[in-house]
Amino acid sequence: MKITTPTASSGATTAPWSRYRLRHSGPLIALLLLIGFNALITPNFLSMQTLSVNITQVATIAIVAMGMTLVIATGGIDLSVGAVMALAGAIVPLIFLSSAGQSFPVLMTLIAVMAALGIAMMCGLFNGMLVSRFGVQPIVATLILFISGRGLAQVLTNGNLQTFDNPMFEYLGSGRLLGIPIQGWLVVLLAAIAVFVVSRTRFGRYLLASGGNPRAAELAGVPVARVRMIAYTLCALLAGLAGMISVAINSASDAARNGQLMELDAIAAAVVGGALLQGGRAPFIGVVIGAAIIQLVRYTLLANGVPDEVALIVKAAIIVGAVYLQSLRGGH
Amino acid sequence: MTTLVRRHIADHGQSTGVMIGVLLLILLGTLRYDNFASLYNLTSFLNYNAMFVLITMGMCLVIMTGGIDLSVGTVAALSSVTAAGFSAYGLEVALPVGVLTGLAVGALNAFMIVIMRIPPFIATLATLLAAKGTALVISDAQTVPVDWTSNFTQLGMNSVAGWLPWTMLLTMVVGIALWLLVEHRPLGRVMLAAGDNEDATNLMGLSSGWARAWAYVICGGCAGLAGVFLASGFGAGQPLEGLGWELTAIASVVVGGTLLTGGRGSIPASVAGALMLGLIFNLLNFENGLGTFNLSAYWQMVIRGVFLFIVILLQVKITRPLVGD
Amino acid sequence: QQLPPLEQKDSYRVGFAQMESNNPWRIAETQSFRDVAEQCNWNLTVTDAAGSAAKQVADVDSMIAQGMDAIFLPPREERALIPAVMKARAAGIPVFLVDRQVDPAVARAGEHYVAFLGSDFVEQGQTAAQWLVDNFDGEEARIIELEGTTGSSPANDRKQGFDEVIAEQDNMTIIASQSGDFSRDTGRQVMETLLQAHPNVNVVYAHNDEMAIGAIQALEVSGRTPGEDVLVVSIDGTRDALRAIINGKMGVSVESSPFFGPVACDVLNRYAAGGTIEPWVRVEDRVFTADNAADHIDEAY
Amino acid sequence: MQPLLNIQGVHKQFGKTLALEDARLTIQRGEVHALIGQNGAGKSTLIKVLTGVHQRDGGDITFNGQPCQFSRPAQAQDAGIATIYQELNLVGLRSVTENIVMGREPRRLGGFIDWKLAHQQASEILAGLGVNIDVRRPLEEYSTAIQQLVAIARAVSRDAMLVIMDEPTSSLDESEVLQLFEVIRRLQQRGTAVLYVSHFLDELFEICNHVTIMRNGAWVADHAISDIRKAVLVADMLGKDVSDIETHGSTDFGGELEPAGELLFEARDIATRRHLRSASLEVHRGEIVGLAGLLGSGRTEVARAVFGMDALSDGQMSLEGASYHPTNASAAIRQGIALLAEDRKREGIVADLSVRENLTLSILPSLSAGVQIDSEAERKLVEHYIEALQIKVSDMDQPIRELSGGNQQKVLLARWLATEPQLLILDEPTRGVDIGARQEIQRIIQDYRAQGGAVLLISSEFEELIEGAHRVVVMHEGRSIDTLSNPGLTESTLVAALSRGQPSTSGDDHRMQETSARPSTPRETQA
Ligand SMILES: Nc1ncnc2c1ncn2[C@@H]1O[C@H](COP(=O)(O)OP(=O)(O)OP(=O)(O)O)[C@@H](O)[C@H]1O
Ligand SMILES: Nc1ncnc2c1ncn2[C@@H]1O[C@H](COP(=O)(O)OP(=O)(O)OP(=O)(O)O)[C@@H](O)[C@H]1O
Ligand SMILES: [Mg+2]
Ligand SMILES: [Mg+2]
């Protein structure tokens, strides 16, 4: 073997960062292009209010997409995120609107949130169990909850829209910190944690190894099944959180609509952001950027009055274009 | 000896299992409900499910090559619009137009996946959106009327010998052709090989790209024909129809025992899988008619999920010991 | 050819082939049929087509196979459900259309099906527009229209009715019209976006109350006062909408009543008794405004 | 006469890695031509450039008088080049027949495949290689050896002018190697040329006419086989002096065998559901215990059982005197067992991760402070191993897939050494590894042992066992049948032990029937 650059047998310290940058520059460039385009075309684009609107709207996609990225990193996919959003979103008002909830509003709101996250976690465990212990293929395993999860949410609420007035819970949707919507901070926080976990912790390394070559990872002592369980559980947990955010924003829970088609947006965001469907990669920053791209495309089309049906076609073209650029740069 | 039995079950058990399942469901329906076994129910069941059997067969082909096609539903909707638009010229024009629409979209999928190397999931997801958008644009967001005076609607509304719908007959012809393709034509074998190990297939000097491309094109064609059935049988091109069909098709393929990992697949078993899912719907409708339980639409969703869960558990039980790791 | 007759019985097997159950309006409609089934002594079978016209036809087919006495059908699409209507008639089962029509060029009330029970979506749009024309007191109305699900017939009709009336007004323009998918969440998101692009908007017309409420939330977040800065006009008459009207956030909601059960019972009994049924059993849509909202809020869904 | 194939000045770069630089190769019609070189010398790359898997960056190739530039393997195949690539290129889910005939299936009326005829053809071709199996079964049900023979059958069944075999014998036993040689001779008689790549130099003398040597992606020399000594070949490959090579043993084990320490591991009559019937063995500290056996004798199964991958259906194991029954690989690793698996690509490397991440995968718990990985310590450790094992990488963050096989193997060896195991199980550690790297790996094993480590060494190379092991346990059909001790271990005693195990009847469809295993040099056998 011959290396054309001078051979350095020990690690050159700049290398990992330059690799990292290269991987992420694709989506970032696309995002900047979109922003530039909007600055020129879209009226009132460069304003604080626009930023805040976009942050509110991107938060749920970004959060779900991060969970999806965990699952995709293990070589899986999770179709049930939308259904889990609906389920978690339905549980919360169900509890604090109950008679107990009326008498102990603060306590019951907390309990409601915990219960919703608990249910979401159970969904994740169910998916993870099917995938890692029973060896069911991820698309099929998560199709089960995709079909029945939303049905369950509707059974629980009897299909009714649940509207409520609960300032404490609504803070999750409409609260602001330093002028930025609270869920924006949440995304930043979660992304920071995720990046830290993947690049610096044992679980992160195990995650990538499990996705890259599960058999080899297993033999190297990586608890592959547990890693998968955790990935699906975290994904569902994040979906549950997103479901609650969306309910909190609307002050209403609509089991039929909450999180509808979210799986497609989340997968698209993850892939546009640089995740590989065959596993082994978890580029969280890229994924958040990917979510921002998806959101901004939607915003651009809406704000410029492009009709819904044309918007669908444009969105399709942009997804394909972004993934194509991604594949050119990634060299895979 | 037991391994031999197991091996046999793994080789053929799944498909026979599904067929037995279908028969059991039919038996259950016949015993439990009046008129379930009536000619009317049979004919309308076959007519409605012809569309799903078609897209399931197309999906099976794509899954065999290790891919997936999420666009089948909206492609069918798009084809129903184009076919309805040409219905005045009669079936002999409208049918090819609808099928060609599907083939063209299939070719687009193939181009993105094979030439541009976009992952199938993403490429066909984009097509799902784009086909829906296109259908709405060309139909001006309205259902498209068909010409009731031409022979176009006869395909979707008439039956052979009073019970076998033309749609199902045509579907069966397509099915036999696809079965022959998969089992007895080199192209079909290369599709299977490409789904198993693409690199190896190329190194063997076979064109896996070509085979995969054909799978998407044929799948598109099946969706296109399903769209023609849709327009012809329901008297309108429907740009909004077809949502969720892709998942029904995937579920049917899985119920038929084909793994999504590629390299394997059985057309007849997938057909049985599609019929089985269709029967579940039909049975639920009859169950509702009995009025013993009042199953809301939501419960029906839950039941479908649970059903899929049970089928998958059974599959795991049967095939696991052999699959190993 | 004659309409299929219906013999008088104590109890009828009635099929209600609902098209979808993903919004409060449809749920209320189904519930209304269930409620009336008890009073009317029906043996009611409800199916749900989950938004698919094809599945709805298959549902009607299974009702025909089961030999229902009568079928109530809210057709998902005006053309795609014609085969279902025709097949039921051929099988001797009277069909009543509910809340939506089928293409009158192909199937006609009194001939292919018994009657249409419902209101007129185009007229609802017109009524909303007319109310706006009568009550708008600014100089110039800049209207954002939130459309229903792209391609669905209520969206098409409510748009048509409204846009016709507005087109005749010189001081009124629709500056943006986008789909909010009949849902509160999407309605809010679309409104948030459109507000950025068109900050000078002063009227919002939503094709249903859910989107209107989403729009009100978006307006409030952006610092506007709905009702004062921006007039909100909508259709449906849900409880949340009436509350918003009472609070002054919404101007009007044109009723589109989902309570078809009692009408259906009455029509069925009259038909069985041999009476002729008018082709269009009109359901009068009220107009809810600040004047009468408080009186009706308890009966709203 | 003009040569059949002429490759001149070809170069090829992968990213930063220059895989070929001035590669040359000239093959005459009807000759058997060997291509040798160290791991990563560029042999496989040259073949892939020739057959259109990769596109060359420069240089000229003429085949059969025509300049050529194939863009797909199919074109090379049509032009008359049949290739067995190093990574077996077969489709496991399809039948044996299909793997052989696919692409030129016999047809019936209407273009449908004539399966009956196809099966018959496949059976006949395989029979010519001495293989009699049910050709209707999926290929994956057969052993690697059979799969390799199927790949060979596919290649030789085409009417090619040139058949390329990239390490065709790496998982064959000697009887099969002999069958293969028979086939090669038949091809040669037919006028077909063969390009033969192998790390087993003795094979070349048996079968080849000419040899080309590559080093670092470049042509070094070519010779007629009759003019050359093995030592010269090795010297050319490694770029060293012939005299250096001749004073050195062929393995790097050599030296005195120190006495072994106390008993570390013991297995008694262990059996698993997977082809292991009853094996017993002991390993002491500071001892290398060899596992010898023919292909499919169950050596890998012993390793799997000890490493917790397969549950015991019978028998006991003990470690340091205590009962030892790991339930999975992590449990075994925690108890100080390490397994360098046989199949590097599937069971060893995580291709997309870096050398660093691959190397430390098994010791992350000890490298972590709290939840976080101590990256300073990690880099130090990796640097240490890259240095100590002389792993050739551009930097430690290079993805491991970009390394040549031998270097990947060293990274994996480092992964396990870093866990500081009490017992290191090595399953064919030097398979597919060139002579230079092989000696380094053997040296590393020896060093590890010298520090008190215990090794269970599975190897098909007798020299490795004879020179390296204190004792050799002989396996046959899932049973341990004998234990031989060093000193006193010679090739003939080992062969004798292996042949004693041969039962007179063998029920299985295809089990190795030969009495000796490779690589007892074919030359000696002939003599
Ligand atoms: N696809 C690839 N991408 C990057 N580098 C590659 C690729 N294929 C080969 N290389 C590099 O090219 C060089 C030559 O590799 P090649 O596989 O040709 O060696 P070889 O002589 O066949 O070795 P071996 O005896 O181990 O099979 C090595 O350094 C290898 O790492
Ligand atoms: N999952 C399996 N299914 C069928 N046969 C198997 C399976 N695993 C192993 N075998 C077969 O069992 C036999 C024993 O294999 P094993 O790998 O233990 O042999 P070995 O002595 O280690 O030889 P090698 O030199 O190939 O490593 C082989 O013939 C192998 O093909
Ligand atoms: Mg090689
Ligand atoms: Mg082995």
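Small disclaimer: the values here were computed from a predicted structure and weren't measured.

## A short note on the environment of Val 232 of chain D
Here is step 1 of the chain: Here Val 232 of chain D is to be found in helix α8 (residues 230–238).
Here is step 2 of the chain: The spatial distance from the C-alpha of Val 232 of chain D to the C-alpha of Val 242 of chain D is 5.7 Å, given a sequence separation of 10 residues.

## Description of a nonpolar patch on the surface
All names here are of chain A.
Here is step 1 of the chain: Taken together, the side chains of Tyr 171, Leu 177, Leu 178, Trp 185 and Val 188 present a nonpolar region at the surface, about 520 Å² in accessible area.
Here is step 2 of the chain: With respect to the helices and strands, Tyr 171 occurs in helix α7 (residues 167–174).
Here is step 3 of the chain: With a relative accessible area of 41%, Tyr 171 lands in the partly exposed category.

## Concerning the arrangement of the chains
Here is step 1 of the chain: Sorting the 5 pairs of chains in contact by contact count puts chains A and D at the top.
Here is step 2 of the chain: Taking C-alpha atoms as the reference, chain C and chain D come no closer than 38 Å and do not contact one another.

## Some words on the sheet that holds strand β13 (residues 288–293) of chain D
Strands belonging to one sheet form pairs held by backbone hydrogen bonds; the direction of such a pair is parallel or antiparallel.
Residues and elements named next belong to chain D.
Here is step 1 of the chain: The strand order across the open sheet formed by 6 strands is β16-β19-β20-β13-β21-β22, and the pairing between neighbours is mixed. Lying at the two open borders of the sheet, with one neighbouring strand each, are β16 (337–340) and β22 (479–485). Pairs of neighbouring strands in the sheet enclose a mean axial angle of 20°, with direction left out of account.
Here is step 2 of the chain: Note: strand β19 (residues 423–427) against strand β20 (residues 454–458), 5 bridges, orientation parallel. Along β20, the bridge assignment pairs Leu 426 with Leu 457.
Here is step 3 of the chain: Along the sheet, helix α16 (residues 405–418) makes contact with β16 and β19, crossing β16 at roughly 175°.

## Re the coordination of the magnesium ion (ligand 4)
Residue and element names in this part refer to chain D.
Here is step 1 of the chain: At this site the magnesium ion (ligand 4) is bound by Thr 300 (OG1) and Glu 342 (OE), with donor distances of 1.7 to 2.6 Å. Taken together, the positions of Thr 300 in helix α10 (residues 299–306) and Glu 342 in the loop between β16 and α12 (344–347) put the pair 42 residues apart, joining distant regions of the chain.
Here is step 2 of the chain: Owing to a relative accessible area of 31%, Glu 342 belongs among the partly exposed residues under this scheme.

## Things to note about the site of ligand 1
Here is step 1 of the chain: Surveying the vicinity of ligand 1 reveals 18 residues, the closest of which are Asn 39, Lys 43, Ser 44, Thr 45 and Glu 402 of chain D.
Here is step 2 of the chain: Chain contributions to the surroundings of ligand 1 come from chains A and D.
Here is step 3 of the chain: Here Ala 41 of chain D contributes a backbone N or O atom positioned 3.2 Å from an oxygen atom of ligand 1.
Here is step 4 of the chain: Between ligand 1 and Thr 45 of chain D there is a distance of 2.5 Å, counted from an oxygen atom to a side-chain nitrogen or oxygen.
Here is step 5 of the chain: Against a free-state accessible area of 630 Å², the protein chains account for coverage of 82% of ligand 1.
Here is step 6 of the chain: Breaking the shell around ligand 1 down by element, the ones donating at least two residues are β2 (17–27) and α1 (43–50) of chain D.
Here is step 7 of the chain: Sorting elements by how many residues they give to the shell around ligand 1 places α1 of chain D first, with 3 residues.

## So, the sheet that holds strand β6 (residues 141–147) of chain C
Residue and element names in this part refer to chain C.
Here is step 1 of the chain: Here we have 6 strands laid out as an open sheet, ordered β7-β6-β8-β9-β10-β12, and mixed in their pairing. Among the strands making up the open sheet, the edge pair consists of β7 (172–179) and β12 (287–288).
Here is step 2 of the chain: Examined bridge by bridge, strand β8 (residues 203–206) and strand β9 (residues 231–236) share 3 bridges and lie parallel to one another. Residue pairing in the sheet places Val 204 in a bridge with Val 232 of β9.

## Points about the pairing of β6 of chain C
All names here are of chain C.
Here is step 1 of the chain: Across the 7 residues of β6, 6 count as buried, placing the element largely inside the fold.
Here is step 2 of the chain: One ladder, built from 7 bridges, connects β6 with β7; its direction is parallel. Among the inter-strand pairings, Ile 143 is bridged to a residue of β7, identified as Ile 174.
Here is step 3 of the chain: One crossover worth recording links β6 to the parallel β7 by way of helix α5 (residues 153–167), and it is right-handed.
Here is step 4 of the chain: With 4 bridges joining them, β6 and β8 adopt parallel strand pairing. Bridge pairing in β8 places Leu 146 opposite Ala 206.

## Concerning the coordination of the magnesium ion (ligand 3)
Here is step 1 of the chain: Donor atoms from the polypeptide that coordinate the magnesium ion (ligand 3) comprise Ser 44 of chain D (OG) and Gln 86 of chain D (OE1), at 1.9 Å from the metal. Separated by 42 residues along the polypeptide, Ser 44 of chain D in helix α1 and Gln 86 of chain D in the loop between β6 (81–84) and α3 (96–101) bring together distant segments of the chain.

## Here's the deal with the site of ligand 2
Residues and elements named next belong to chain D.
Here is step 1 of the chain: In the vicinity of ligand 2 lie 15 residues, with Ser 143, Arg 299, Thr 300, Glu 301 and Glu 342 positioned nearest.
Here is step 2 of the chain: The separation between an oxygen atom of ligand 2 and a polar main-chain atom of Gly 298 is 3.1 Å.
Here is step 3 of the chain: Here Thr 300 contributes a side-chain N or O atom positioned 2.5 Å from an oxygen atom of ligand 2.
Here is step 4 of the chain: In the complex, 70% of the free accessible area of ligand 2, which totals 620 Å², lies under the protein chains.
Here is step 5 of the chain: Taken together, the residues of the shell around ligand 2 sort by class into 2 nonpolar, 6 polar and 7 charged.

## Quick notes on the UniProt feature "transmembrane region" (unreviewed entry) in chain A
All names here are of chain A.
Here is step 1 of the chain: Following the UniProt record, the feature "transmembrane region" (unreviewed entry) maps to residues 28–46, 52–72, 79–100, 106–126, 138–157, 177–198 and 229–249 here.
Here is step 2 of the chain: Taken end to end, residues 106–126 has its terminal C-alpha atoms 30 Å apart, with 100% of it in helix and 0% in strand.
Here is step 3 of the chain: The distance separating the terminal C-alpha atoms of residues 138–157 is 28 Å; by composition the span is 100% helix and 0% strand.

## Structural notes on the UniProt feature "transmembrane region" (unreviewed entry) in chain B
Residue and element names in this part refer to chain B.
Here is step 1 of the chain: Residues annotated in UniProt with the feature "transmembrane region" (unreviewed entry) correspond here to residues 12–33, 45–63, 95–115, 122–143, 163–182, 213–236, 267–285 and 297–316.
Here is step 2 of the chain: End C-alpha to end C-alpha, residues 45–63 measures 26 Å, and it is 100% helix and 0% strand.
Here is step 3 of the chain: Within the segment residues 95–115, helix and strand shares are 100% and 0% respectively, and the terminal C-alpha atoms sit 29 Å apart.

## Here we look at helix α9 (residues 202–212) of chain A
Here is step 1 of the chain: Counting buried positions along α9 of chain A gives 9 out of 11 residues, so the element sits mostly inside the fold.
Here is step 2 of the chain: Among all positions in α9 of chain A, only Phe 203, Gly 204, Arg 205, Tyr 206, Leu 207, Leu 208, Ala 209, Ser 210 and Gly 211 of chain A are buried.

## Focus on unusual backbone geometry
Here is step 1 of the chain: Within the chain, Ala 141 of chain B stands out as a residue other than glycine whose phi angle is a positive 60°.
Here is step 2 of the chain: With respect to the helices and strands, the residue Ala 141 of chain B is situated in the loop between α5 (120–139) and β1 (144–145).
Here is step 3 of the chain: Using a relative accessible area of 7% as the deciding quantity, one classes Ala 141 of chain B as buried.
Here is step 4 of the chain: Although it is not a glycine, Asn 41 of chain C adopts a positive phi angle of roughly 60°.
Here is step 5 of the chain: Mapping Asn 41 of chain C onto the fold places it in the loop between α1 (24–40) and β2 (42–48).
Here is step 6 of the chain: Assessed through its relative accessible area of 41%, Asn 41 of chain C is described here as partly exposed.

## Here we look at the pattern of salt bridges
Residue and element names in this part refer to chain C.
Here is step 1 of the chain: Tallying each qualifying case throughout the model produces 56 salt bridges over all chains.
Here is step 2 of the chain: For Glu 278, the salt bridge identified is with Arg 270, shortest N-O distance 2.7 Å.
Here is step 3 of the chain: Arg 270 sits in the partly exposed class, given a relative accessible area of 30%.
Here is step 4 of the chain: Between Arg 286 and Glu 299 there is a salt bridge, with its nearest N and O atoms 2.9 Å apart.

## Points about the interface of chain D and chain A
Here is step 1 of the chain: Each partner contributes to the interface: chain D provides 50 residues, whereas chain A provides 33 residues.
Here is step 2 of the chain: Carbon and sulfur atoms supply 54% of the area that chain D and chain A bury against each other, a total of about 3600 Å² over both sides.
Here is step 3 of the chain: In this structure, the connection of chain D to chain A is made through 3 salt bridges.
Here is step 4 of the chain: Arg 205 of chain A serves as the salt-bridge partner of Glu 378 of chain D, at 2.7 Å between the closest nitrogen and oxygen.
Here is step 5 of the chain: At the junction of chain D and chain A, the tally comes to 8 residue pairs in polar contact (both at pLDDT 80 or more).
Here is step 6 of the chain: Those elements giving two or more residues to the side of chain D that touches chain A turn out to be β2, α11 (329–334), α12, α13 (355–359), α14 (364–367), β18 (372–373), α15 (375–388) and α16 of chain D.

The rules behind these values
Residues numbered from 1 in each chain as written. Chains lettered and ligands numbered in written order. Predicted model: local features only at pLDDT ≥ 70, side-chain atom pairs only at ≥ 80, totals over all residues. Heavy atoms only, no water. Helix = DSSP H or I, 4+ residues; strand = E, 2+ residues; numbered from the N terminus. Patch = residues over 30% accessible without salt bridge, like charges linked within 9 Å, V, L, I, M, F, W, Y side chains within 5 Å. Areas by Shrake-Rupley, 256 points an atom, 1.4 Å probe, with all protein chains shown as cover. Salt bridge = Lys/Arg side-chain N within 4 Å of Asp/Glu carboxyl O. Buried < 20%, exposed > 50% of the residue type's maximum accessible area, 1.4 Å probe, protein only. Contact = heavy atoms within 4.5 Å. Pairing = 2+ DSSP bridges. Axes fitted to C-alpha atoms, helices over the stretch in contact; angles between N-to-C directions. Donors = N, O, S within 2.8 Å, 3.2 Å for Na, K, Ca; no water. Near = heavy atom within 4 Å. Polar contact = N/O pair within 3.5 Å; in protein donor to acceptor, adjacent residues only side chain to side chain. Right-handed = clockwise from strand over helix to strand, strands pointing away. Nonpolar A, V, L, I, M, F, W, Y, C, P; charged D, E, K, R; others polar. UniProt positions renumbered as here; feature names shortened; annotations may be inferred. Buried area = accessible area lost by both parts, 1.4 Å probe.

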